[in-house]
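The primary structure of each chain is shown beneath.
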Amino acid sequence: MSEAIEPEIDIDALKEQGVDLDVAEKVAPEREISVEVGDALVQVQNLTIKFGGLTALDNVSFDINRGEILGLIGPNGAGKTTCFNAMTGVYKPTSGKVLLEGKPLNGLAQHKITRRGLARTFQNIRLFGEMTALENVVVGLDARHKTSVGGALFRLPTHTREEKTAVERGMALLEFVGIADHAHFLSRHLPYGYQRRLEIARALATDPKVLCLDEPAAGFNPAEKEELMALIRTIRNDGYTVLLIEHDMKLVMGVTDRIVVLEFGKKIADAVPKVIRDDPKVISAYLGEPEDDVA
Ligand SMILES: Nc1ncnc2c1ncn2[C@@H]1O[C@H](COP(=O)(O)OP(=O)(O)OP(=O)(O)O)[C@@H](O)[C@H]1O
Ligand SMILES: [Mg+2]
């Protein structure tokens, strides 16, 4: 598990695993595609976040291995979003650190962390409501590629080549998340489920190594949740590493390779789903939680 994986790309094997090479090619032509679980891509080390007298995250450590879908679960207020916020530069850790590919992210501004390859979505959707779905994604592309949004939107001649690439990539991403038919709708006019998917497309547009999803299925009915989990599997099969916050334990069981459980800011378990399911500490943390709580 300690060696970095530099896989020889076996196109047939990738296809068999359901990798949509066409989309991967359009979205990020220079990206290495790796679908094997490998070394620790992200290391969260002894992370503590205090808000005044409240310790929202208490000395939490875990790794996210390359190519895995790691679930981060726990009851309301357990510290899941706080953990994301600390990882992505929204909050400065009280102590502890976060490493991406062995290099610390501490102290970096949010956009620099994005550029280093850690992208996220928000529990409360944050889109540019007055921009179309496609424009929202092009903004994400801009975080990585040098296309200016102005150029992309107003078709200035100097931007034409990159603009085309950005629009093509943006459309490929919208197709990938299943909302290409709404590319030209203002994002505030999109149905709720489409907005959630658009957030994922926008995060993917930054060409991340790790995609962190904060309750992407919140407010979905069971069928919509299943569809979203299928999309998350496809994203991983496309070579991304995924950290998924979800406090519906049943839901994450089916999609994750491993699960980290938080309760009152502390890590209480870190294991494969079938071990988590039978862990008495986890069961007791969830006692009293409504089964289908999607808040
Ligand atoms: N900016 C903040 N200032 C003060 N307290 C905060 C802040 N952000 C979070 N908290 C507190 O930290 C604790 C952890 O909150 P957090 O949002 O991380 O939980 P969560 O696991 O994401 O919960 P949920 O499932 O409800 O989204 C809670 O007690 C919350 O009230
Ligand atoms: Mg939260």
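Scroll up a little and you will see the structure.
Below, the structure is looked at part by part. What you see is a predicted model, and the numbers here were worked out from it, not measured in a lab. (Residues numbered from 1 in each chain as written. Chains lettered and ligands numbered in written order. Predicted model: local features only at pLDDT ≥ 70, side-chain atom pairs only at ≥ 80, totals over all residues.)

**Some points on the site of ligand 1**
- Looking at ligand 1, there are 13 residues lining it, with F51, A56, K80, T81 and T82 nearest.
- Listed by contribution, the elements that provide at least two residues to the shell around ligand 1 are β2 (54–65) and α3 (80–87).
- Counting residues per element, the shell around ligand 1 draws most heavily on α3, at three residues.
- Class assignment of the residues belonging to the shell around ligand 1 gives a composition of four nonpolar, eight polar and one charged. (Near = placed C-beta within 6 Å. Helix = DSSP H or I, 4+ residues; strand = E, 2+ residues; numbered from the N terminus. Nonpolar A, V, L, I, M, F, W, Y, C, P; charged D, E, K, R; others polar.)

**Considerations on the sheet that holds strand β9 (residues 258–263)**
- Here we have six strands laid out as an open sheet, ordered β6-β7-β8-β3-β9-β10, and mixed in their pairing. Here the strands that pair on one side only, and so sit at the sheet edges, are β6 (118–120) and β10 (266–271). The sheet shows a mean angle of 20 degrees between the axes of neighbouring strands, taken without regard to direction.
- Strand direction decides the pairing type here: strand β7 (residues 210–214) and strand β8 (residues 241–245), joined by five bridges, are parallel. By the bridge assignment for β8, D214 is matched with I245.
- Along the sheet, helix α9 (residues 222–237) makes contact with β3 (69–73), β7 and β8, crossing β8 at roughly 155 degrees. (Pairing = 2+ DSSP bridges. Axes fitted to C-alpha atoms, helices over the stretch in contact; angles between N-to-C directions. Contact = placed C-beta atoms within 7 Å.)

**Let's talk about unusual backbone geometry**
- The phi angle at N46 is positive, at roughly 50 degrees, despite the residue not being glycine.
- Inspection of the secondary structure puts N46 in strand β1 (residues 40–51).

**Considerations on the pairing of β3**
- Among the five residues that make up β3, five are buried, leaving the element largely enclosed by the rest of the structure.
- Side chains I69, G71 and I73 of β3 all project onto a buried face; the interleaved residues L70 and L72 project onto the opposite face, where all are buried too.
- In this sheet, β8 lies alongside β3 in parallel orientation, the contact comprising four bridges. Among the inter-strand pairings, I69 is bridged to a residue of β8, identified as V242.
- Relative to β9, β3 runs parallel, the two sharing four bridges. Among the inter-strand pairings, G71 is bridged to a residue of β9, identified as I259. (Buried ≥ 20, exposed ≤ 12 C-beta atoms within 10 Å, placed from the backbone.)

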